Amino acid sequence: MEFLKRVNNYALYLLIFSITFEKWDPLNTAGSLSVAFIVSIIYILSWIPFLKTNLNLFIFRKYTSLLVLFIITGLLSTSLRPEHLIDISQAYNFRVLLLIFLMLLITNHLYNKPELIKIAFNIYLLSIIVMFILFTLGIGVTFFQGRVLIFKENPNIIGIKAIMALIVVLGRLFSGPFSTKKLFNPFNLVIPASITLILASGSRGAFLSIFIGFILILAFKKMTPLKKISIFVIGIFLSGLLYNIVLQSNELLQKRLENSLESGDIGRNELWEGAFEIFQKHPIIGVGFTDIFPEMYKHTGHFLYPHNIFLYVLVTTGVIGFLFYILFIYRVFLGLYNSYKVTRNVTYLILFFMIVINLMKVGGGINMMLFWFFFALLLSSALVVNNPVSKNNSIKVH
């Protein structure tokens, strides 16, 4: 059994590392057999010996069940509008259901073994450093309209992955008392690596998130008002300096930011307006998982997602599915806030805000392993504090 536990742990490590390269498809199977998908199946199989003993029903009832109800709502809506249904797996959105199941497994895994949470973060940070090395060497790198793609990964997603890693490292630097030891942590290499990837991606959201993340970390940091003001002033000065340097050296990012400021259009306005129009016509249970693209084309002229997770949920499952999904989000936030009151570690709360902010502007975010992985990390970290495992491996509900 110990051997199987080690296999389960190493499968988790491999899965976390592969998330950064989620689009990598060396077999050229049009994404159906990406490395991340193959590793996901390996991880699920490694769980089989532990399904009976290690899966906690409390986690399913409080969190995952809400997402299952969201999927059921989408299934009902899709069954009422089957015109574009080609495969039965589309009716219940198989990929999202698989990702929800993965989230449940990872949450349970880290909850049962809290010592793995830090290891999980470190592996993710390592994967970002590896991505930076690959970018520097030009391995798997292509460019589209001046923006970098690594193993065909969308530039905006590269920016999001980099900013999440940057927040983790900054959170570690600013949490707890300061020490010179923190400055020499090898994972601090993530800072220049992430900033480089963000600039190469040309992602406006990720670039601005650097400053938002710094402000949030400082706002929640427990210190004397004088010290906080001093650091804030220095931070504003350095941020302004970085901002000017970047705009002078990165013409693409400069043009994208200027366009947003001048026109008020961040490249998604038309999609958001079209999605809201669809929701207004189908407010109760939406248009289902298979009608979203035809409906978006009718209203926007594009076969695209709304580029906003909440609009996606409203369009596909209406108000009913939206209530299930938003309750899940609320419970995650509440758990993180309660754990913050105990630990005073703000990193997890800031990561949560970054997830939500980016889900509000990225296309197809619900299908991305990255976000479900971070939900698992955040959930497990909150549960470990709020509902510690007792000796008989059941949750003590406080």
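Definitions and cut-offs
Residues numbered from 1 in each chain as written. Predicted model: local features only at pLDDT ≥ 70, side-chain atom pairs only at ≥ 80, totals over all residues. Heavy atoms only, no water. Helix = DSSP H or I, 4+ residues; strand = E, 2+ residues; numbered from the N terminus. Buried < 20%, exposed > 50% of the residue type's maximum accessible area, 1.4 Å probe, protein only. Contact = heavy atoms within 4.5 Å. Areas by Shrake-Rupley, 256 points an atom, 1.4 Å probe, with all protein chains shown as cover. Core = buried A, V, L, I, M, F, W, Y, C linked by side-chain atoms within 4.5 Å. Pairing = 2+ DSSP bridges. Phe/Tyr/Trp six-rings, centres within 6.5 Å; stacked < 30°, edge-to-face > 60°. Expected span 1.5 Å × (residues − 1). Axes fitted to C-alpha atoms, helices over the stretch in contact; angles between N-to-C directions. Parallel < 35°, antiparallel > 145°, perpendicular 65-115°, else oblique. Left-handed = near helix turned anticlockwise from the far one by under 90°. Nonpolar A, V, L, I, M, F, W, Y, C, P; charged D, E, K, R; others polar. Patch = residues over 30% accessible without salt bridge, like charges linked within 9 Å, V, L, I, M, F, W, Y side chains within 5 Å. Salt bridge = Lys/Arg side-chain N within 4 Å of Asp/Glu carboxyl O.

**Q** Break down the overall build of the protein for me, citing the residues and quoting the values.
**A** Check the secondary structure of the protein and you find 18 helices and two strands. Among the 398 residues that make up the protein, the fraction classed as buried is 51%. If you take every contact in the protein between residues at least 6 apart in sequence, the share linking residues at least 24 apart comes to 74%. Within the structure as shown, the protein displays about 18,800 Å² of accessible surface, and the carbon and sulfur contribution to it stands at 69%.

**Q** Before we move on, could you go through the nonpolar core and cite the residues and values that matter?
**A** Phe-328, Trp-372, Phe-374 and Phe-375 are the most contacted members of the largest nonpolar core, which has 113 residues in total. Not counting chain neighbours up to four residues away, the residues in contact with Phe-328 comprise Tyr-63, Leu-66, Leu-67, Met-103, Trp-372, Phe-375 and Leu-379.

**Q** Explain the pairing of strand E2 (residues 147-150) to me, using residue names and the numbers behind them.
**A** Neither face of E2 is exposed, since Arg-147 and Leu-149 on one face and Val-148 and Ile-150 on the opposite face are all buried. Note: strand E1 (residues 141-144) against E2, four bridges, orientation antiparallel. Across the sheet, residue Phe-143 finds its bridge partner in E2, namely Val-148. Between E1 and E2, which pair antiparallel and follow one another directly, the connecting turn spans two residues, one of which, Gln-145, has a positive phi of 55 degrees.

**Q** Can you lay out the packing of aromatic side chains for me, pointing to particular residues and giving the numbers?
**A** By the definition in use, this model includes 24 aromatic pairs. Taking 6.1 Å as the distance between ring centres and 75 degrees as the angle between the ring planes, the aromatic pair formed by Phe-21 and Phe-151 counts as edge-to-face. In this pair, Phe-21 sits in the loop between helix H1 (2-19) and helix H2 (35-47) while Phe-151 sits in the loop between E2 and helix H8 (155-174), placing the two residues 130 residues apart along the sequence. There is no split in this pair, since Phe-21 and Phe-151 are both buried. With centroids separated by 6.2 Å and ring planes inclined at 70 degrees, the aromatic side chains of Phe-310 and Tyr-325 adopt a geometry described as edge-to-face. Of the two residues, Phe-310 and Tyr-325, both sit in the buried class. Taken together, the aromatic side chains of Phe-70, Phe-289, Phe-310, Phe-322, Tyr-325, Phe-328, Trp-372 and Phe-375 make up a single cluster linked through ring pairs.

**Q** Can you break down helix H10 (residues 190-201) residue by residue, with the values?
**A** Taking 1.5 Å per residue as the helical rise, H10 with its 12 residues ought to reach 16 Å, and the 16 Å between its terminal C-alpha atoms agrees with that figure. Buried residues along H10 sit in contact with helix H7 (115-137), E2, H8 and helix H11 (204-220). Just downstream of H10 lies Gly-202, where phi reads positive at about 70 degrees.

**Q** If you had to explain the packing of H8 against helix H17 (residues 347-359) to someone new, which residues and values would you point to?
**A** How two helices sit against one another is set out by the angle between their axes and by the gap between those axes. Where H8 contacts H17, the axes come no closer than 9 Å and their chain directions differ by 165 degrees. Overall, the two elements H8 and H17 adopt an arrangement that is roughly antiparallel. Our pair here, H8 against H17, has a crossing hand that is right-handed. The residues of H17 that touch H8, namely those facing Ile-160, Met-164, Ile-167, Val-168, Gly-171 and Arg-172, are Thr-347, Ile-350, Leu-351, Met-354, Ile-355 and Asn-358. Residues that form the contact of H8 with H17 fall into these classes: eight nonpolar, three polar and one charged.

**Q** Outline the environment of Val-168, listing residues and values.
**A** Residue position: Val-168 is located in helix H8. Placed 23 residues apart in sequence, Val-168 and Ile-191 show a C-alpha to C-alpha distance of 9.9 Å.

**Q** Any chance you could break down a nonpolar patch on the surface for me, citing the residues and the numbers?
**A** Taken together, the side chains of Ile-41, Leu-45, Ile-48, Leu-51 and Phe-101 present a nonpolar region at the surface, about 410 Å² in accessible area. In this fold, Leu-45 is placed in helix H2.

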